[in-house]
Amino acid sequence: MSQIFSPRWNITGVQFKLGLMMFLDFFVWGTWYVTMGTFLVDAFNADGIQVAIAYEAQAIGAIVAPVIVGILADRYFSAQKLMGVIHLIGSVLLYQASVSHSFNQFYPYILSYLILYMPTMALCNAISFRQMKNPTKEFTPIRVLGTIGWIAAGLFIAWFNWEAEKTLEKTFLLGAIVSVILGVFSFTLPKTPPLVDRTKKVSILKLLGLDSFRILKSKSYLLFFISSILICIPLSFYYAWANPFLNDYGMAGAAGVMTLGQVSEVFFMLLLPFFLLRFGIKNTLIIGIVAWFLRYLLFAYGGVTEQTWMLIVGIVLHGICYDFFFVSGQIYTELKAPKEYKSSAQGLIALATYGVGMFLGFRFAGIVYERYQDGGVTDWFGFWLIPAIFALGVLIIFVLLFRETKKYSTQSE
């Protein structure tokens, strides 16, 4: 346990590069993603469906990502070179998004960008793991720098007051500049050539990772899989509409305040091994779902009663919401999947959550937002009650039906 909390290794040039890569990759995403909903409403007078469509581009990118990584990076191109090319092209797309004059002009750029960007998270992991002798100890300090990069982006936006000044197009321009830096820097990263012999024939099912669907034969995992898709629906409410809500509420530097969620994510990620050992997989997952329910209740009642502390607590709960369900779920997947398709099983759960679940969630959130609009005024109380009720429903189903009889340790099988 102490090794998980206190990895003992000295910083080398390679590790510094890996940490900077992770920091910049998440910084680029964090520059514009949190405030995109607010930008679209302010700049283009976008409605709920248009905001939903813009955020759905992430889900489309997540669905395409396994194909790009599985075919290109695993078989044909070095991961660090592919990373560099993606970010250089991405910088052009983000710049074009920043100078768009309408939603119809903006959308093709952000869709194209996210189809390219989403695979970079897997590429970051692949480049990092290839350089590590003991990923269990060495990866966490690298991955945490990604979260810190996201936090830094939010604080940068808050520092320059772009939300209050309604100049959020600058967030895309900032992302474009940093993307150029990361694109060039990527070519200096450690060489990560494909390990698969591309001349060797492989079935299309294995190439696309579809062999991992066999894990769904387990009833307990199937319920977890379905619950993961369903809980991403209330998650999408937060990603798309929390920032517009906080700005409508009048919270100064909302993007900066929202970084408290990522700060708590780092904190609770360090606590996660203790909870898994003390309470087990099922109870840890339940705690995560409960946190989603409580978060949206706090948003609903805090916005109505003008209790800012409720909103702050709701933001801080992000660490429990994300780590205790999604990170625990990744660990559960690792422990549950047979060794012959552990990697593709991780790709499967990522596709289900960031892909299918959030695609459905963003669209549903957009419809709900339109339902609670009246003459340009949003009934945020009614709006936030919907994901609260939805999360409560997922919680009840999960508690009653999830039956994992096997006792897992924290070691992979």
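Residues numbered from 1 in each chain as written. Predicted model: local features only at pLDDT ≥ 70, side-chain atom pairs only at ≥ 80, totals over all residues. Heavy atoms only, no water.

S.K.: Describe the nonpolar core, listing the residues and the values that go with them.
M.R.: Trp-32, Leu-40 and Trp-384 are the most contacted members of the largest nonpolar core, which has 130 residues in total. Sort the elements by how many residues they give to this core and helix α11 (residues 254-305) lands first, with 20 residues. Apart from the residues within four sequence positions on either side, Trp-32 is in contact with Leu-94, Ile-110, Tyr-113, Leu-114, Thr-171 and Phe-172. (Core = buried A, V, L, I, M, F, W, Y, C linked by side-chain atoms within 4.5 Å. Buried < 20%, exposed > 50% of the residue type's maximum accessible area, 1.4 Å probe, protein only. Helix = DSSP H or I, 4+ residues; strand = E, 2+ residues; numbered from the N terminus. Contact = heavy atoms within 4.5 Å.)

S.K.: Explain the packing of aromatic side chains to me, using residue names and the numbers behind them.
M.R.: The way to describe two aromatic rings as a pair is by their centre distance and the angle between their planes. A full pass over the atoms with the stated rule returns 55 aromatic pairs. Their ring planes at 55° and their centres at 6.0 Å tell us that Phe-44 and Phe-106 sit as a pair that is tilted. With Phe-44 in helix α3 (residues 36-44) and Phe-106 in helix α6 (residues 103-130), this pair connects stretches of sequence that are 62 residues apart. As far as burial versus exposure is concerned, Phe-44 and Phe-106 are alike and both buried. The ring of Phe-279 carries the charged tip of Arg-278 above its face, separated from the ring centre by 5.2 Å. In this arrangement the basic side chain of Arg-295 is found over the ring face of Tyr-238, its NZ or CZ atom lying 3.8 Å from the centre. (Phe/Tyr/Trp six-rings, centres within 6.5 Å; stacked < 30°, edge-to-face > 60°. Lys NZ or Arg CZ within 6 Å of the ring centre and 35° of its normal.)

S.K.: Tell me what's going on with unusual backbone geometry, and back it up with residues and numbers.
M.R.: A positive phi angle, close to 60°, is found at Asn-161, a residue other than glycine. Here Asn-161 is to be found in the loop between α7 (135-160) and α8 (169-186). The exposure class assigned to Asn-161 is partly exposed, which follows from its relative accessible area of 34%.

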